[in-house]
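Residue-level structural notes
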Amino acid sequence: MGIKKDCFAYRLGRCSVLTEMVCRRENCSFYKTKEQMEQDRRQYGFVKDYKPKGRKS
């Protein structure tokens, strides 16, 4: 275990996906490298300005 600084969500010493650094104490189910994230975006599509239905901003 331990912090994985190559994770796509690791920014400025914090996790940009979760409210706490789960990887400090256990394996994080969100962990992906930046390369894996880019590959997923190409494979499954990525909409930069996506807004879920029902949100007003």
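All values derive from a computational prediction rather than experimental measurement.

**Some thoughts on the packing of aromatic side chains**
This model, assessed by the stated rule, comprises 0 aromatic pairs. Looking at Lys4, its charged tip hangs above the ring of Tyr31, at a distance of 5.0 Å from the centre.

**Digging into the state of the cysteines**
For the structure shown, the criterion picks out 0 disulfides. Between Cys23, a free cysteine, and Cys28, which holds the nearest cysteine sulfur, the sulfur-to-sulfur gap is 6.4 Å. We note that Cys28 lacks a disulfide partner, and the nearest cysteine sulfur, in Cys15, lies 6.0 Å from it.

**Observations regarding the environment of Phe30**
Within the element layout of this structure, Phe30 appears in the loop between β2 (14-15) and α1 (34-44). Take Phe30: its relative accessible area is 43%, and that puts it in the partly exposed class. The sequence separation of Phe30 and Leu18 amounts to 12 residues, and the corresponding C-alpha distance is 8.9 Å. Look past the residues within four positions of Phe30 in its chain and what remains in contact with it is Phe8, Val17 and Leu18.

**Digging into unusual backbone geometry**
Of note, the phi angle at Leu12 is positive, near 50 degrees, even though the residue is not glycine. Relative to the elements of secondary structure, Leu12 occurs in the loop between β1 (10-11) and β2.

Basis of the calculations
- Residues numbered from 1 in each chain as written.
- Predicted model: local features only at pLDDT ≥ 70, side-chain atom pairs only at ≥ 80, totals over all residues.
- Heavy atoms only, no water.
- Phe/Tyr/Trp six-rings, centres within 6.5 Å; stacked < 30°, edge-to-face > 60°.
- Lys NZ or Arg CZ within 6 Å of the ring centre and 35° of its normal.
- Disulfide = S-S within 2.5 Å.
- Helix = DSSP H or I, 4+ residues; strand = E, 2+ residues; numbered from the N terminus.
- Buried < 20%, exposed > 50% of the residue type's maximum accessible area, 1.4 Å probe, protein only.
- Contact = heavy atoms within 4.5 Å.

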